[in-house]
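Chain by chain, the residues:
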Amino acid sequence: MNTQEKTGYPSIDKPWMKYYSEEAMKSSIPECSMYDAVYQRNQANKDDIALNYFDKKITYGRLFESIEKTAKAFWKTGVRENDVVVLCTVNMPETVYAIYALNRIGAIINLVDPRTNEKGIRKYINECKAKYILTVEQVYPVITKAIVGTELETVIVVPVSNSMPKVAQILYGIKNKSITSVCGKNKYSWNEFVKRGKDTEPQYARYKKDKCFILAHTGGTTGIPKSVMLSDKNVNAVMSAYQYLGIPFKRRQKYFNDLPPFIIYGMTLALHITLSYGLEVILYPVFDSEKFPELFRKYKPNHFSALTDHLKNMAESPAIQKMNLNFLISAGVGGDSLNPKIETQVNSFLQKHGCKYLVCKGYGMTELAATAVISTPMANAIGSVGIPLVHNTVKIMDIDSGQELKYNEVGEIWISGPSIMLGYYKNEEATSEIISEDEKGQKWIRTGDLGCMNEDGLLFHKGRIRRIYLTSVMGQPAKIFPNMVEQIMNRQAGVEESAVVGRYMENSAYYEPVCFVVLKDKSLEHKFVENQIRESCEKELPSYMIPVEYRFVEKFPYTSVGKVDFRKLETEAENRTYGKKDRV
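The numbers attached to residues start from 1 for each chain and follow its sequence in the written order. A pLDDT threshold of at least 70 governs which residues receive local features in this predicted model, and a stricter bar of 80 or more applies before side-chain atom pairs are shown or counted, although totals over entire chains, interfaces and linings include all residues. Only heavy atoms go into the side-chain values, all of them from the structure, while hydrogens and water stay out.

Peer 1: So, helix α14 (residues 340-352): which residues are in play, and what are the values?
Peer 2: Given 3.6 residues per helical turn, the α-helix brings residues three or four places apart onto the same face. Elements are defined by DSSP. Helices are runs of H or I of four residues or more, strands are runs of E of two residues or more, and each kind is numbered from the N terminus. Here the expected span of a helix is defined as 1.5 Å times the quantity of residues minus one. An ideal rise of 1.5 Å per residue puts 18 Å on 13 residues; α14 measures up with 18 Å between its terminal C-alpha atoms. Every buried residue belonging to α14 is among Ile 342, Glu 343, Val 346, Asn 347, Phe 349 and Leu 350, and all of these are buried. The arc that holds the buried residues of α14, viewed along the axis, is 160°, so those residues lie on one side. Within α14, the exposed residues directed more than 90 degrees away from the buried face are Gln 351 and Lys 352. A positive phi of about 90° marks Gly 354, the residue just after α14. For the exposure calls, accessible area comes from a 1.4 Å probe over protein chains only, and a residue counts as buried if that area is under 20% of its type's maximum, exposed if over 50%, partly exposed in between. What the arc describes is the spread of directions from the helix axis to the C-beta atoms.

In structure tokens:
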């Protein structure tokens, strides 16, 4: 525990360390590959269940055997250390086998969203000069077009149903169109690919702590997605920190995973951390918040991580209202900061149904290998995202002066720690813009997010810096802070959630705020709700922050990583015909 007198600066005082044990503070990061981290922790428990795919259970022993077979197949195909293999897949056993097989060889995996269009896939292939791609069957037609004009040589295609039990395979085949065959030179079905490597002896790579293993892509909420280079050490740093959070991860517990593997949260948290601690990972290939209550009821997981909609749908599901949730330990939520109103609602639901724990919130970035800050059973306040992981440091910086701020002062969140990315792939300029080095040589990620920290070391997320819009008041510049407006909106009884964006005033370089609203009860009269909101805004906000227009929508657009797509909302706001035609 830190007993020194407080200076008033979070990064110096580190008040969050009082929640960590002496062992945690003295701990070190495993000096090994991601594969070795999983193998070393499970080699003595090979009969335990590692993966559960549509009720087909795969033991840790079988997992390691399948990884070995897959490594042989990749080696036979020509993959060597530092080669880049594109993984355009979903949550399924073959994805897990491929990740750890390529890790053993020392190759680099490029994680690509299967929903990416032909042009986007071609860009990712050409960027890293990839020669190999593993893709799900449904995307194969797009891949065949995307690889034209690239150096890609080998395509491996795996059906989503490949590892399902027979009955599930049949049912899946009835509902989904299947490709009858994979034809052409260096194009293989998964089973054919694995058979080819049968008698091959691959050469496994030695661990190198600063070697790139993962290329993951940012969400693109504020610009063109960038390719983030992450090492084994980056991911293992997050993994090893989880054992000191007080969240009781125990061998043989069940973790429900529908987080896509192509986002770093799915890779780090839902796969690597869970497998490293010997959990049974229930893989589900579709990220589906509406179906989640049904799946939760079926599998009764001890842990899951999701977005706000998953939690809301669970709390409002009639089927789950009758359940005793004493088996549930961590209901995690990431993405945008959780609306305090929904957080309170879900916490109340959990407590009423026998769960001993509150919603577990986290905050992180692809550039930090996922989680950097997380709530724990001892550090969990409404509206906060928790405390820094044990080897991380957070400071709040004034945007204008560049000076560190004190407790409860809002500025940009900067984070330092062992999970900071190696950099953006082939983009040194962008890397230097987000990574700063202080006078002591310590590296910091400039998150681009607003936040503040209280005296207990809890971090409060206050929105994106880039969503600050410049406007004019009586000829003087002023700033519109959308998060301040949204907080007022979200307190209104009929409002489910809100999002405020800026659009240019007519014939001006300054902005005016436009508010998008999702209602709890769709039958509510829009004008009535709008009047309530306006009245509250007029009481609490300066005039230039009061939205000039309110648009009521069924739901918000989201990026591939589940964050509200503010760029799309900004584009929508520029369409001024909406107000004249549809506004109530």
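Peer 1: Let's hear about the pairing of strand β8 (residues 212-217): which residues, and what values?
Peer 2: Consecutive side chains along a regular strand alternate between the two faces of the sheet. Taken across its six residues, β8 has six buried, putting it largely inside the fold. With two bridges connecting them, strand β4 (residues 108-111) and β8 associate as parallel partners. Each bridged residue has a counterpart across the sheet, and for Asn 110 the counterpart in β8 is Leu 215. Should DSSP find at least two bridges between two strands, the strands are taken to pair. As paired elements, β8 and strand β9 (residues 227-231) share five bridges and run antiparallel to each other. Across the sheet, the residue bridging to Cys 212 is Ser 231, located in β9.

Peer 1: Requested: an account of a positive patch on the surface, with residues and values cited.
Peer 2: A patch is a set of surface residues, each over 30% in relative accessible area and not in a salt bridge, joined within 9 Å for like charges and within 5 Å for the nonpolar side chains Val, Leu, Ile, Met, Phe, Trp and Tyr. Only the protein chains shown count as covering a residue, and every accessible area follows the Shrake-Rupley method with a 1.4 Å probe. One speaks of a salt bridge when a side-chain nitrogen belonging to Lys or Arg is within 4 Å of a carboxyl oxygen belonging to Asp or Glu. For the purpose of counting charges, residues Lys and Arg are taken to be positive, whereas Asp and Glu are taken to be negative. His and the chain ends are not included. Here the site of a charge means NZ on Lys, CZ on Arg, CG on Asp, or CD on Glu. A cluster of basic residues, Lys 56, Arg 62, Lys 69 and Lys 166, forms a positive patch at the surface. Examined against the element boundaries, Lys 56 turns out to sit in strand β2 (residues 56-59). We classify Lys 56 as partly exposed; its relative accessible area is 31%.

Peer 1: Would you mind going over the packing of aromatic side chains in detail, with residue names and values included?
Peer 2: Centre distance within 6.5 Å is the pairing criterion for rings of Phe, Tyr and Trp, where only the six-membered ring of Trp is used; planes under 30 degrees apart are then read as stacked, over 60 as edge-to-face, and the remainder as tilted. Using the criterion set out here, one finds 19 aromatic pairs in the structure. Relative to Phe 193, the ring of Phe 74 lies with its centre 4.9 Å away and its plane at 70°, an arrangement referred to as edge-to-face. Here the residue Phe 74 occupies a position in helix α4 (residues 60-77), and Phe 193 occupies one in helix α9 (residues 190-196), the gap between them amounting to 119 residues. We classify Phe 193 as buried; its relative accessible area is 0%. Between the aromatic rings of Phe 292 and Phe 296, the centroid separation amounts to 5.8 Å while the plane-to-plane angle is 45°, which identifies the pairing as tilted. Linking Phe 292 with Phe 296, this pair stays in helix α12 (residues 292-299), spanning four residues, or about one helical turn.

Peer 1: Before we move on, can you summarise the sheet that holds strand β19 (residues 423-424) with the specific residues and values?
Peer 2: Pairing is mixed in the open sheet, where eight strands are placed in the order β7-β6-β5-β3-β4-β8-β9-β19. Strands at the two margins of the open sheet, each flanked by one partner only, are β7 (187-189) and β19. Where strand β5 (residues 132-136) meets strand β6 (residues 154-158), five bridges bridge the pair, whose relative direction is parallel. Counterpart to Thr 135 in the pairing with β6 is Val 157. In this fold helix α5 (residues 93-105) packs onto β3 (84-88), β4, β5, β6 and β8, with an angle of close to 165° to the strand it touches most, β3. Each of β8 and β9 touches helix α10 (residues 232-241); the most contacted strand, β9, lies at about 75° to it. Between two residues, a contact is recorded if the distance between any of their heavy atoms is within 4.5 Å. For every element, the axis is a line fit to its C-alpha atoms; helices are fit only across the contacting stretch, and the angle between N-to-C directions ranges from 0 to 180 degrees.

Peer 1: So what about helix α13 (residues 308-316)? Which residues, and what values?
Peer 2: Among all positions in α13, only Thr 308, His 310, Leu 311, Lys 312, Met 314 and Ala 315 are buried. Check the buried side of α13 and you find it contacts α12, β12 (303-306), β13 (330-333), α14 and β25 (495-504).

Peer 1: Please provide a residue-by-residue account of the environment of Cys 515, values included.
Peer 2: Along the chain, Cys 515 turns up in strand β26 (residues 511-519). Expressed as a C-alpha distance, the spacing of Cys 515 and Lys 443, which sit 72 residues apart in the sequence, is 37 Å. What Cys 515 contacts, discounting residues up to four positions off in sequence, is Met 489, Ser 498, Ala 499, Val 500, Pro 547, Glu 549, Tyr 550 and Arg 551.

Peer 1: For the nonpolar core, give the residues involved together with the corresponding values.
Peer 2: Only buried residues count toward a nonpolar core, which is a set of Ala, Val, Leu, Ile, Met, Phe, Trp, Tyr and Cys residues joined through side-chain atoms within 4.5 Å. Leu 51, Phe 74, Ile 214 and Leu 275 are the most contacted members of the largest nonpolar core, which has 134 residues in total. Residue contacts for Ile 214: discarding those within four places in its chain leaves Met 34, Ile 109, Leu 111, Val 228, Met 229, Leu 230, Val 235, Ile 264 and Met 267. Core analysis: the next-biggest nonpolar cluster, separate from the first, contains 28 residues, Val 485, Val 501, Val 514 and Met 545 among them.

Peer 1: So what about the packing of helix α3 (residues 34-42) against α5? Which residues, and what values?
Peer 2: Put simply, α3 and α5 touch, their axes get as near as 8 Å, and they point 110° apart. Classed by the angle they form, the pair α3 and α5 counts as roughly perpendicular. Counted together, Met 34, Tyr 35 and Val 38 of α3 and Tyr 100, Asn 103 and Arg 104 of α5 form the full contact between these two elements. For classification, angles of less than 35 degrees are called roughly parallel, those exceeding 145 degrees roughly antiparallel, those between 65 and 115 degrees roughly perpendicular, and all remaining angles oblique.

Peer 1: Any chance you could break down the pairing of strand β21 (residues 443-453) for me, citing the residues and the numbers?
Peer 2: Most of β21 sits inside the fold, with nine of its eleven residues counted as buried. As paired strands, strand β18 (residues 411-416) and β21 are joined by four bridges and run antiparallel to one another. Note on β21: the bridge partner recorded for Trp 414 is Arg 446. As paired strands, strand β20 (residues 435-437) and β21 are joined by three bridges and run antiparallel to one another. Residue Ser 436 lies in a different strand from β21, and its bridge partner there is Trp 444. Linking two consecutive strands that pair antiparallel, namely β20 and β21, is a turn of five residues; a positive phi of about 85° is found at Gly 441 within it. As paired elements, β21 and strand β22 (residues 459-464) share five bridges and run antiparallel to each other. Looking at the pairing, Asp 449 lines up with Arg 464 of β22. Hairpin remark: β21 followed by β22, antiparallel, with five residues in the connecting loop; positive phi at Gly 457, about 90°.

Peer 1: Could you give an account of the packing of α3 against helix α11 (residues 264-276), naming the residues involved and the relevant values?
Peer 2: Where α3 contacts α11, the two axes come as close as 8 Å, and the packing angle between them is 35°. Taking contact as the criterion, the partners of Met 34, Ala 37, Val 38, Arg 41 and Asn 42 in α3 are, on α11, Met 267, His 272, Leu 275 and Ser 276. Gly counts as polar in this scheme, as do all residues outside two lists: the nonpolar Ala, Val, Leu, Ile, Met, Phe, Trp, Tyr, Cys and Pro, and the charged Asp, Glu, Lys and Arg. Residue composition of the contact of α3 with α11, grouped by class: five nonpolar, three polar and one charged.

Peer 1: Go over the sheet that holds strand β14 (residues 360-365), please, and point to the residues and values.
Peer 2: Strands pair in a sheet through their backbones, by hydrogen bonds, and they do so in one of two ways: parallel or antiparallel. In space, the nine strands of this open sheet follow the order β2-β1-β11-β10-β12-β13-β14-β15-β16, with mixed pairing throughout. Looking at strand neighbours, the two that pair on one side only are β2 and β16 (387-388), the edges of this open sheet. As judged from the four bridges shared by β12 and β13, these two strands associate in the parallel manner. Each residue of the ladder has a partner; that of Ser 305, found in β13, is Gly 332. The sheet contacts of α12 involve β1 (49-53), β10 (254-257), β11 (280-283) and β12, and relative to β10 the element is tilted by about 160°.

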